[in-house]
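# Fold and geometry: a report
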Amino acid sequence: MSRTVEATCPLCEACCGLLFTVEGDGVTRVRGDRDDPLSRGFMCTKGAALPELHEDPDRLRRPLRRTTTGWEEIDWPTALDCAAAGLRAVKRAHGPDAVAVYRGNPNAHNLGLLLFGHGVIRALGTRNIYSPTSMDQLPHMLVGLRMYGHQLLMPVPDLDRTDFLLIVGANPLASNGSAMTAPAVGRRLRAIQQRGGRFVVVDPRRTRTAELADRHLFIRPGRDAWLLATMLQVIFDEGLERPGRLGAFADGLEAVRAAVAPFTPARVAASTGIAAEAIAALARELAAAERAVVYGRIGTSVQVHGVLCQWLIQLLNLVTGNLDRPGGIQFTSPAVDPLGILRLSKPGTVGQWRSRVRGLPEFCGELPVAVLAEEMQTPGEGQVRGLLTIAGNPALSMPGGESLDRALAGLDFMVSVDLYLNETTRHADIILPPVSPLERDHYDLVFNILAIRNVAKWSPPVLAPPAGALGDWEILSGLHRRLAEGWRQRAGAALLGRLGPRRLLALALQVEARGAGLLPSSKHLTFRRLAAAVHGVDLGPLAPRLPGRLCTSDRRIDAAPTDFIAELARLAAAREPPVAEGLDLQLIGRRSLRSNNSWMHNLPRLMTGADRCTLLMHPIDAAARGLSQGERVRVRSTHGAVEVPLEITEAIMAGVVSLPHGYGHDGEGVRLSVAAVRPGVNVNRLIDPTAIDPLGTTSVLTGTAVAVTAAD
Ligand SMILES: Nc1nc2c(c(=O)[nH]1)N[C@H]1C(S)=C(S)[C@@H](COP(=O)(O)OP(=O)(O)OC[C@H]3O[C@@H](n4cnc5c(=O)[nH]c(N)nc54)[C@H](O)[C@@H]3O)O[C@H]1N2
Ligand SMILES: Nc1nc2c(c(=O)[nH]1)N[C@H]1C(S)=C(S)[C@@H](COP(=O)(O)OP(=O)(O)OC[C@H]3O[C@@H](n4cnc5c(=O)[nH]c(N)nc54)[C@H](O)[C@@H]3O)O[C@H]1N2
Ligand code: SF4
Ligand SMILES: [Mo]
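Residues numbered from 1 in each chain as written. Chains lettered and ligands numbered in written order. Predicted model: local features only at pLDDT ≥ 70, side-chain atom pairs only at ≥ 80, totals over all residues. Heavy atoms only, no water.

### Here we look at the site of ligand 3
To keep it simple, the criterion reads: Distances are taken per atom, and a residue is near a molecule or strand as soon as one of its heavy atoms is within 4 Å of it. When residues are sorted by character, Ala, Val, Leu, Ile, Met, Phe, Trp, Tyr, Cys and Pro go into the nonpolar class, Asp, Glu, Lys and Arg into the charged class, and all the rest, Gly among them, into the polar class.
Taken together, the residues surrounding ligand 3 are C9, L11, C12, A14, C15, C16, F42, M43, C44, K46, G47 and N176. Tallied by class, residues from the shell around ligand 3 come to 9 nonpolar, 2 polar and 1 charged.

### A look at the domain arrangement of the protein
We count it as follows: Segment limits for the domains were obtained from an automatic or database-derived domain assignment. By definition, residues are in contact when any of their heavy atoms lie within 4.5 Å. Accessible area that two parts lose when put together, with a 1.4 Å probe and added across both, is what the buried area reports. The working definition used for a salt bridge is a side-chain nitrogen of Lys or Arg within 4 Å of a carboxyl oxygen of Asp or Glu. Counted as a polar contact is a pair of N or O atoms within 3.5 Å, where, for protein atoms, one must be capable of donating a hydrogen and the other of accepting one, and residues adjacent in sequence contribute only when both atoms are in side chains.
As far as domains go, the protein holds domain 1 (2–48), domain 2 (64–135 + 366–494 + 534–541), domain 3 (144–334 + 553–571) and domain 4 (577–710). Taken over C-alpha atoms, the centre of domain 1 sits 33 Å from the centre of domain 3. Between domain 1 and domain 3, the contact holds 12 residues from the first and 11 residues from the second. Per-residue buried area on domain 1 facing domain 3 is highest for E13, L38 and F42; these three make up 62% of the total on that side. Counting across the interface, domain 1 meets domain 3 through 0 salt bridges. Across the domain 1-domain 3 interface, the total number found is 5 residue pairs in polar contact (both at pLDDT 80 or more).

### Remarks on the sheet that holds strand 18 (residues 413–417)
As a reminder, the rule being used: Should DSSP find at least two bridges between two strands, the strands are taken to pair. Strands here mean DSSP runs of E at least two residues long; helices mean DSSP runs of H or I at least four residues long; both are numbered from the N terminus. All axes here are fitted lines through C-alpha atoms, helices being fitted over the stretch that makes contact, and every angle between N-to-C directions spans 0 to 180 degrees.
Taken in spatial order, the 7 strands of this open sheet run 5-4-19-18-17-6-7, and their pairing is mixed. Each end of this open sheet is capped by a strand with a single partner; those strands are strand 5 (70–73) and strand 7 (129–130). As paired elements, strand 4 (residues 64–67) and strand 5 share 4 bridges and run antiparallel to each other. The partner of T67 across the bridge, within strand 5, is G70. The strands touched by helix 4 (residues 111–124) are strand 6 (99–103), strand 7 and strand 17 (386–390); relative to strand 6, the strand with the most contacts, the crossing angle is about 170°.

### Details of the layout of surface pockets
If a probe as big as a water molecule is rolled over the atoms, it shows which places are left empty. So the rule is basically this: With a 1 Å grid spanning the protein atoms alone, the term cavity applies to any set of points in which a 1.4 Å probe fits but cannot get out, the term pocket to an open set with protein on both sides within 12 Å along at least five of seven lines, and the term lining residue to any residue with an atom within 4 Å of a point. Grid points are joined across faces, edges and corners, and a volume is the space filled by probe spheres set on the points.
For the second largest pocket, the calculated volume is near 990 Å³. In terms of lining residues, the second largest pocket is bounded by 40 residues, among which P221, R223, P577, Q586 and G703 are the most central. Those elements giving two or more residues to the lining of the second largest pocket turn out to be helix 11 (265–272), strand 25 (585–588) and strand 30 (704–710). Considering every element that reaches the lining of the second largest pocket, the biggest residue donor is helix 11, with 3 residues. Residue composition of the lining of the second largest pocket, grouped by class: 22 nonpolar, 11 polar and 7 charged. Each of domain 3 (144–334 + 553–571) and domain 4 (577–710) accounts for three or more of the residues forming the lining of the second largest pocket.

### Considerations on the packing of aromatic side chains
Two descriptors summarise a pair of aromatic rings, namely the distance from one centre to the other and the angle between the planes of the rings. What counts here: Each pair of aromatic rings taken from Phe, Tyr and Trp, with Trp reduced to its six-membered ring, is defined by centres within 6.5 Å and is described as stacked if the planes are under 30 degrees apart, edge-to-face if over 60, and tilted in the remaining cases. To sort residues, take the accessible area from a 1.4 Å probe on protein chains only and compare it with the maximum for the residue type: under 20% means buried, over 50% means exposed, and anything in between is partly exposed. Charge over a ring is defined by NZ of Lys or CZ of Arg lying within 6 Å of the ring centre and within 35 degrees of the ring normal.
Taken as a whole and assessed by the stated rule, the structure comprises 4 aromatic pairs. Ring plane angle 70° and centroid distance 5.2 Å describe the contact between W458 and F527, whose orientation is recorded as edge-to-face. One end of the pair, W458, is in strand 22 (residues 458–459); the other, F527, is in helix 20 (residues 527–532), and 69 residues separate them in sequence. Owing to a relative accessible area of 7%, W458 belongs among the buried residues under this scheme. We classify F527 as buried; its relative accessible area is 15%. The side chain of R223 reaches across the aromatic face of W226, ending 4.2 Å from its centre.

### Looking at the packing of helix 9 (residues 224–237) against helix 10 (residues 253–260)
Threshold: Orientation labels follow simple angle bins: below 35 degrees gives roughly parallel, above 145 gives roughly antiparallel, 65 to 115 gives roughly perpendicular, and whatever is left gives oblique. Here is the rule for handedness: rotate from the far helix to the near one, and if that takes an anticlockwise turn smaller than a right angle the crossing is left-handed, while a clockwise turn gives right-handed.
Between helix 9 and helix 10, the least distance of the axes is 9 Å, while the angle of their chain directions is 110°. By the angle between their directions, the pair helix 9 and helix 10 is classed as roughly perpendicular. Crossing geometry of helix 9 relative to helix 10 is assigned as left-handed. Contacts from A229, L232, Q233 and F236 in helix 9 reach L253, V256, R257 and V260 in helix 10. Looking at side-chain class alone, the contact of helix 9 with helix 10 contains 6 nonpolar, 1 polar and 1 charged residues.

### Points about the sheet that holds strand 9 (residues 164–168)
Across the sheet, 4 strands lie side by side as 11-10-9-13; this open sheet has parallel pairing. Two strands close off the open sheet at either side, each with one partner strand: strand 11 (215–217) and strand 13 (292–296). Adjacent strand axes in the sheet meet at a mean angle of 15° when their direction is disregarded. As judged from the 5 bridges shared by strand 9 and strand 13, these two strands associate in the parallel manner. Bridging across to strand 13, L165 finds its partner in V293.

### Here we look at the pattern of salt bridges
If you walk through the whole model with that rule in mind, you get 30 salt bridges. E72 is the partner of R65 in a salt bridge, and the nearest nitrogen-oxygen pair spans 3.0 Å. With a shortest N-O distance of 3.5 Å, E576 and R223 are connected by a salt bridge. With a gap of 353 residues between them, E576 in the loop between helix 21 (562–573) and strand 25 and R223 in the loop between strand 11 and helix 9 connect regions that are remote in the sequence.

See the structure below:
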């Protein structure tokens, strides 16, 4: 007998609805769910690989403890006791900040981790809290905080209704969309063209998205702020600005006009690599479009001017009247609203405390990943000596590479909550593996905030977890109860543990509904209604929400935060930095549809085909160095060196080379038998961890100066 379970894919931001055919205790088929209000039948190859992930023999099923002779499997109570005792011992001996916590990307896709991570951190009492935020979307959040008053006020492209879309530094055909939950994004981009609209891509590489676009402009890495400021200048200079109703509650547009004045197309053409006329034409096209969107993602956030880029992108949308209108960029109305009555998320903070060694400011409760290695390696009071990683692989994902690896190896005590024994968790003393993603329920607290349509869906576990196995939330709850100090914390931990994520979600929905001040009606999204709607609930298209949604103290948009304006003035006066000794190429990253950061490389289905960890280089650059297709090359930066196969292609700009991140699975003791066959190299060995955006402390991951030569 087979049955079908409807569930959201928890792997990436697209949040596709999937149909799982279950026979016995296994999944025999995965299909896209045509009745899902957002994904409408779409799925990608990673979703199809979920059963393989579930069955992967290397996926850990039982807690592991390090011994002098290797790993030993232990029972859950012992594992949780040991983990808590070890962390507590570090805290007692060296103070609460001596234990750092790193929460990786899958936290955002996991209701249990989202709801239960906070309690553990509070119980530890540490300020050394880290996540990929500071090598990812921090600039988006900081701009949301400064302009709109809340870190989560990040308007999303109204993709299904726009006529003109400018994509800067994103490759949604590979990433499936980011800070924009838009499953089947390829279909949606084609639909723009089918209804007579256009989309343009600005990227140093001709990506699949760029190939589909009406126009692709190569840009020199890290030069987007010049392009975006110049587009604004053209719009102001030619009197094309139309902020419309937004003008009534946006302050600082005159300051912006003055600040962008020095950025003329002729002045920035050489530094961006884009012809002056093409820049002016792009600005005019944007201003002329009925409904338009400027969208920038990771290529524009993990660079020195990441905050400036995100701010200028908001401004381009604002001055063309496309902020907060259908077909432009809009704010969402999630069923569980983190800005709602429960205030699940604070507006955000900057600089409440600073890192011990370099004095970098906290952002929204976290320190930048750029300082973690030095906090572990610099002796003195407050040195990090213990670490808890929760669904993260900093050994591969953080800039720093080898030094970070050494730092992890040198810790007094480390605990990892993770599915695998990988490059990071191999340094742990205790590994606590949760059930597989198919064995837990799911609700997208985060990505409903970023979805291009308001939707909600609760997914039951596809398969029953094995007896005695623990979900992520149960592991964190177990740690929380053991680490809690004082009656208040203990009572809180016990109560949360009794409720569990599902009941917490139900409670949140109930409070939200009450907060709306309505009598119970069919409009209310209760948990019962949510769970009954197996394909998900469609809450409708995005709608204008300003000025009501603004969280600034004066309920107005601050278009010109003074430090942003000052940084733009510095940019206007800046000269090209000289090329460091022989490092005459710029390194950028890339993503592949078949990969998910560092952690899905152990699934045979995704690892077929050509090697994906290759260095892309333009034929002109290869010829100049006498390099040929497929040969092994040495890539060197000021920070480190790696050796990889060369892939010569005209799809990358001359002067630029590209390597993907998340590889380097050949570390000793890693238990990833499939990934180890073609381990690839860790690109973050080349990236200097001290390079940050001065405005937001985001790590600079793109544009690294490198030299490439034939390998010995
Ligand atoms: N050079 C360079 N570096 C980058 C980037 C780049 O573009 N270039 N991108 C950056 C970005 S945007 C990000 S988000 C980070 C990602 O950085 P990380 O979050 O550190 O890395 P991931 O590869 O996502 O690792 C996820 C880990 O969680 C585990 N895991 C997966 N699912 C679950 C689960 O359900 N529960 C638990 N407990 N564990 C789970 C996996 O086994 C893996 O160890 O990398 C960043 N690093
Ligand atoms: N299949 C798959 N999907 C993923 C992930 C994955 O690893 N694999 N990771 C997920 C995560 S954590 C994230 S954050 C998102 C990211 O989602 P996206 O932002 O769409 O990610 P990328 O595909 O890396 O696209 C970034 C683009 O920026 C370009 N770029 C690099 N430097 C510059 C620059 O200086 N200027 C400009 N204009 N462009 C530049 C790169 O060439 C690349 O095409 O993807 C998510 N989805
Ligand atoms: S696009 Fe993302 S959410 Fe959809 S099936 Fe693929 S991995 Fe899962
Ligand atoms: Mo990310």
